[in-house]
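# Observations on the model geometry
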Amino acid sequence: MKLAYVFVEHPILHLDHTFTYCCDGFMLQRGMRVLVPFGNKQIIGFVVRVEEVDASYVETLGYTLRDVIQQIDQEPLLNEELFSLGEWMAQEYLSARIACYQCMLPSKLKPSSNHGHIKMEAWVRYVKDASVKLTTKQQAALTFMKEQQEMLRASFYAQCKSPGKKLIELGCVEVFEKEAQAVLSNTNIEEVSVVLNKDQQYVIQSVQDTMEASIFLLHGVTGSGKTEVFLQLAQNTIEKGLQVVILVPEISLTPQMVKRVTKRFGSHVAIYHSGLNAQEKYEQYQLVKQHKVQIVVGTRSAIFMPFDHLGLIILDEEHDSSYKQDASPRYHCRDIAIQRAKFHQAHVILASATPSLESYARAHKGVYKLLEMPNRVNDCFPDVHVVQMKQAVLNKESYIVSNRLLDAIYDRLQKKEQVILLLNRRGYTPILRCISCGHIQMCPHCELALSYHKEEQVLKCHTCGYQQKVPNHCPTCHEASWRYLGIGTQKLEEFIQIKFPQARILRMDADTTMKKNAHEEIFSSFGRKEADILLGTQMIAKGLDFENVTLVGIVNADAMLQRSDYRSAELTFDLLAQACGRSGRGSKQGEVIMQAYDPNHYAIQCAAKHDYLNFFQQEMKYRHLGGYPPYRYLISFVISHKEEQYVQQAIQYMMRIVDKKTDCKVLGPATLLKLKDLYRMRVILKGKNQQLLQLYAKDVYLQHISLKLKAKLDIDVNPLMLE
Ligand code: ADP
Ligand code: ZN
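Fair warning: this is a prediction, and the values are worked out from it, not measured in the lab.

### Let's talk about the coordination of the zinc ion (ligand 2)
Bound to the zinc ion (ligand 2) on the protein side are Cys443 (SG), Cys446 (SG), Cys461 (SG) and Cys464 (SG), at distances that span 2.3 to 2.4 Å. Along the chain, the residues donating to the zinc ion (ligand 2) fall in the pattern C-x2-C-x14-C-x2-C. Here Cys443 is found in the loop between strand 19 (431–434) and strand 20 (451–453), whereas its partner Cys461 is found in the loop between strand 21 (458–460) and strand 22 (467–469), with 18 residues between them in sequence. In this structure, Cys443 and Cys461 share a single accessibility class: buried.

Given below as structure tokens:
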């Protein structure tokens, strides 16, 4: 008798064990999906093992074995490499294995209760020559089809019209169904005209001369020509018949990268990011699986594409927090890249102008090979000026945009050069406060103030999406006057438009980019110089290359420093340094103006001086004193539930375990803000030995499952956010 061990998608994902079914009569292999009975339902599961056993063994099981109902796949969806990667992820991030496998697959292939419908298209193919005499046109159509062999029915009809239809009637050509396929880019390949500079040649040479698969940290300032290096290395890799994946942190960055990559490689490129719909993702996935492309450009989930001979993985802007998945399994794309590279004996290139502290520290220790590109291609850095906002406000200047920045904007508008303005907050104002009693309008589901959005005339919660009209009266004191506190991108836009009525402004934030391709449209419009000013949130700070931008204004450079997170200085430095990198990328000298209330903070000072190394040294001292990463490892546990008592209960059980552990520090339990109606508490383990912490975390995890506690436990290994 043949048994299949099956993982099923279950609401309680931590049900991390297999269910056994009889699969006699099916040609099952590990990695295929099957339809199985589950309770009184039928659900789709994932076969992890198939085993031949004696009937006597089945009797010892003590329960009646049920049969697999249907086999869904004809070949395994996951190969052995991805299977073991899933095992590794489950161990590393303390997550259920099924959750790890799920996140490797496009949604149409995920085992779930209603598996995705895959779009089919009508095609035609040549079958035989005619046995009757054909007209000249019919004969021409048949000869054409014989050459083509097969094509989309719609194109066939468009091409061959009624003679074509006749051929189908005669049975010379037949219609059949085929899975819809992605249309490959038809961008013409442009001849490469750049002559690589010394730094670029050195980096490329160093990578090529390294025989054993290695991890490189490419620390290259903004505009040093890193992307050119990626393209050249990708070229060398595909010439060896190997695959390449180029990862970018955010969807907003994919269009530019895709454009540069397709210009160089034409139709050899697949694109994979969360902005694609399920069908598109499936089609791009198939392009890789069927070896129709050699290069993938995408965001973090693209690291799981079904590569089978990977030669090079590039993580651009490797420091970016978007590389970390913010739901279980909370993996970091960098870790996965390194795992996959190990298997494929591929090189990994981690690239950034502002490497994460961990990566730079590792490079110093020799774990990664450090490659530096300290110069800009155009050999000049923008001039940076920091405006002391306290002084500006005392001088009765606007608290939104200082005179210094206004003058600079005016100057660029005169010169027909372009401006980027960064403000890391969307909406009109972040707070609505009653003038008479000070009441602040809060989200009913989260312990957070609602943001006012003037365009839609609503208050929105940026965490849970809750919306309401602006109340006429204060619910506490019934007065009818509100004060709008703070500034968001909508207000900045309004302010700038009033100051410069002629200026053409584009705004880019989560509100203006909800529609598909919105990022791309805004960027290309700005690239075509259809606007003078691009203003927006951090989306516009990274990776963009517009040669006509000569001024970048950062409206609240120190906003992030007020956060309590241990990484707030690093995040501030990264954002500022990246934003600086957008100015003066072409032949004209660039300028950057940062407005800050605390201009002497080292994160701001170092960013203004383009001095990564100095920042790194100061920040490492602070991390050392505070006992934070990269000197210590952290694991965070968050317990949440709609009822506070269940949170308390789970925390008590957890504390009993962690309090007994040695060689690590327990921080907490701390009460977190209530979000989406969930009460939340957090405990952090901190220690020098990551393996040990993981073992402790596993104890917590197993106890939590075995006690069947009601509250949810969320484990984050190496958390990036502690707010
Ligand atoms: P980075 O990725 O480091 O920010 P890019 O690769 O985008 O830098 O390069 C910055 C600009 O310089 C781009 O416009 C690019 O086309 C140009 N560039 C890069 N390398 C060269 C080169 N060797 N010669 C001339 N221009 C170059
Ligand atoms: Zn909310």
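Read on, since the account is not over.
### Observations regarding the pattern of salt bridges
Opposite charge on two side chains allows them to pair when their charged atoms are near. Scanning all chains against the criterion turns up 34 salt bridges. Between Glu212 and Lys369 there is a salt bridge, with its nearest N and O atoms 3.7 Å apart. One end of the pair, Glu212, is in the loop between helix 6 (198–209) and strand 10 (215–220); the other, Lys369, is in strand 16 (residues 369–373), and 157 residues separate them in sequence. When the shortest N-O distance is used, the salt bridge between Arg330 and Asp716 registers 3.8 Å. Of this pair, Arg330 sits in the loop between strand 14 (310–316) and helix 10 (333–344) while Asp716 sits in strand 31 (residues 712–717), and the two are 386 residues apart along the sequence. Look at Arg330 and you get buried, because its relative accessible area is 16%. We classify Asp716 as buried; its relative accessible area is 9%. It is possible to trace a salt-bridge network through shared partners that takes in Lys324, Arg330, Lys712, Asp714 and Asp716.

### Observations regarding a negative patch on the surface
Among the surface-exposed residues, Asp24, Glu52, Asp54 and Asp67 lie close enough to one another that they form a single negatively charged patch. With respect to the helices and strands, the residue Asp24 is situated in the loop between strand 2 (19–22) and strand 3 (33–38).

### Topic: the site of ligand 1
Around ligand 1, a shell composed of 17 residues is seen, among which Val195, Gln200, Thr227, Arg260 and Asp545 lie nearest. For ligand 1, an oxygen atom lies 3.0 Å from a polar atom in the backbone of Gly225. If one sorts the elements of the shell around ligand 1 by residue count, helix 7 (residues 226–239) sits on top with three residues. Looking at the shell around ligand 1, its residues break down into five nonpolar, seven polar and five charged.

How each quantity is defined
Going along each chain's sequence as written, the residues are numbered from 1 onward. Written order determines the labels here, with chains lettered from A and ligands numbered from 1. For a predicted model such as this one, the threshold for reporting local features is a pLDDT of at least 70, and the threshold for listing and counting side-chain atom pairs is 80 or more; totals across whole chains, interfaces and linings nevertheless cover every residue. Hydrogens and water are ignored here; the side-chain numbers use all heavy atoms of the structure. Donor selection uses N, O and S atoms within 2.8 Å of the metal (3.2 Å for Na, K and Ca). Since no water is included, sites may look incomplete. In this description a helix means any DSSP run of H or I spanning at least four residues, a strand means any run of E spanning at least two, and both kinds are numbered starting from the N terminus. Only protein chains enter the calculation, and the probe is 1.4 Å; a residue is then buried if its accessible area is under 20% of its type maximum, exposed if over 50%, and partly exposed in between. By definition here, a salt bridge exists when the distance from a side-chain nitrogen of Lys or Arg to a carboxyl oxygen of Asp or Glu is within 4 Å. By definition, no residue in a patch forms a salt bridge, and every one has over 30% relative accessible area; like charges are joined within 9 Å, nonpolar side chains (Val, Leu, Ile, Met, Phe, Trp, Tyr) within 5 Å. Surface exposure here means Shrake-Rupley accessible area, sampled with a 1.4 Å probe, where a residue is shielded only by the protein chains that are shown. His is not counted here, nor are the chain ends, while Lys and Arg score as positive and Asp and Glu score as negative. To locate a charge, the coordinates of NZ of Lys, CZ of Arg, CG of Asp or CD of Glu are taken. Nearness is defined per residue: one heavy atom within 4 Å of the molecule or strand is enough. Side-chain atoms alone can form a polar contact between residues adjacent in sequence; in general such a contact is a pair of N or O atoms within 3.5 Å, and within protein one must be able to donate a hydrogen while the other accepts it. Gly is placed with the polar residues, together with every amino acid not listed as nonpolar (Ala, Val, Leu, Ile, Met, Phe, Trp, Tyr, Cys and Pro) or charged (Asp, Glu, Lys and Arg).

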